[in-house]
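This is what each chain is made of:
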Amino acid sequence: MEKLLDFDNQEKGYQPFKVTKENIKANIGKKICYVDYVEPNRGTYFVRFGTIHSVRYSRLFLNDMEKEVDIRDIKEAGIKIEP
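Residues numbered from 1 in each chain as written. Predicted model: local features only at pLDDT ≥ 70, side-chain atom pairs only at ≥ 80, totals over all residues. Heavy atoms only, no water.

Enquirer: I'm lost on the overall build of the chain in this one. Help?
Expert: Of the regular secondary structure elements, the chain holds one helix and six strands. Starting at the N terminus and walking to the C terminus, you meet the elements of the chain as β-α-β-β-β-β-β. Against the compact-globule benchmark of 12 Å for 83 residues, the chain has a radius of gyration of 12 Å, which places it among compact chains. In the chain, once contacts between residues fewer than 6 apart in sequence are set aside, the share between residues at least 24 apart is 52%. Summed over its atoms, the accessible surface of the chain is roughly 5,800 Å², and 47% of this surface lies on carbon and sulfur atoms. With 15 positive and 14 negative side-chain charges, the chain shows a separation of 3 Å between the mean positions of the two kinds. (Helix = DSSP H or I, 4+ residues; strand = E, 2+ residues; numbered from the N terminus. Rg over C-alpha atoms; globule rule 2.2 N^0.38 Å. Contact = heavy atoms within 4.5 Å. Areas by Shrake-Rupley, 256 points an atom, 1.4 Å probe, with all protein chains shown as cover. Lys, Arg positive; Asp, Glu negative; His and termini not counted. Charge placed at Lys NZ, Arg CZ, Asp CG, Glu CD.)

Okay, here's the thing in structure tokens:
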């Protein structure tokens, strides 16, 4: 599988992040970028951004529970590098 996120250019300031319940719990309050859907015929996708709020079962909640994502759907993710 090809890399979806480009940490050297578009997603500069982020580093690769393995999405697991333990990693998410350890990084609550930090900003992430992720790709959760790739259009099967054309291969297009959108990079989404959010702040980790919490995780319950396999659901990741972002931005004060405004957005909910199944962590099994996340293809690739990055986390904001702290200065």
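Enquirer: It is not clear to me how the pattern of salt bridges should be interpreted in this structure. Could you clarify?
Expert: When their charged atoms lie close together, side chains carrying opposite charge are able to pair. Here the structure, examined in full by the defined rule, presents four salt bridges. Ionic pairing is found between Arg-59 and Glu-68, a salt bridge with its closest N-O pair at 2.7 Å. In this structure Arg-59 comes out as partly exposed when scored by relative accessible area, which is 28%. Looking at Glu-68, the relative accessible area reads 41%, which means it is partly exposed. With a shortest N-O distance of 2.8 Å, Asp-70 and Arg-72 are connected by a salt bridge. The class for Asp-70 is buried, based on a relative accessible area of 10%. Through salt bridges with shared partners, a single ionic network connects Arg-59, Glu-68, Asp-70 and Arg-72. (Salt bridge = Lys/Arg side-chain N within 4 Å of Asp/Glu carboxyl O. Buried < 20%, exposed > 50% of the residue type's maximum accessible area, 1.4 Å probe, protein only.)

Enquirer: It is not clear to me how the packing of aromatic side chains should be interpreted in this structure. Could you clarify?
Expert: Here a ring pair, both rings aromatic, is described through the centre-centre distance and the interplanar angle of the planes. Under the definition given, this model contains one aromatic pair. The ring of Phe-61 has Arg-56 lying over it, and the distance from NZ or CZ to the ring centre is 5.5 Å. (Phe/Tyr/Trp six-rings, centres within 6.5 Å; stacked < 30°, edge-to-face > 60°. Lys NZ or Arg CZ within 6 Å of the ring centre and 35° of its normal.)

Enquirer: Looking at this structure, how should I read the pairing of strand 5 (residues 67-70)?
Expert: The side chains of a regular strand alternate between the sheet's two faces. For strand 4 (residues 59-62) and strand 5, the ladder comprises four bridges, and the chain directions are antiparallel. What sits directly across from Leu-62, in strand 5, is Lys-67. Between strand 4 and strand 5, which pair antiparallel in sequence order, lie four residues; one of them, Asn-63, sits at a positive phi of approximately 50°. (Pairing = 2+ DSSP bridges.)

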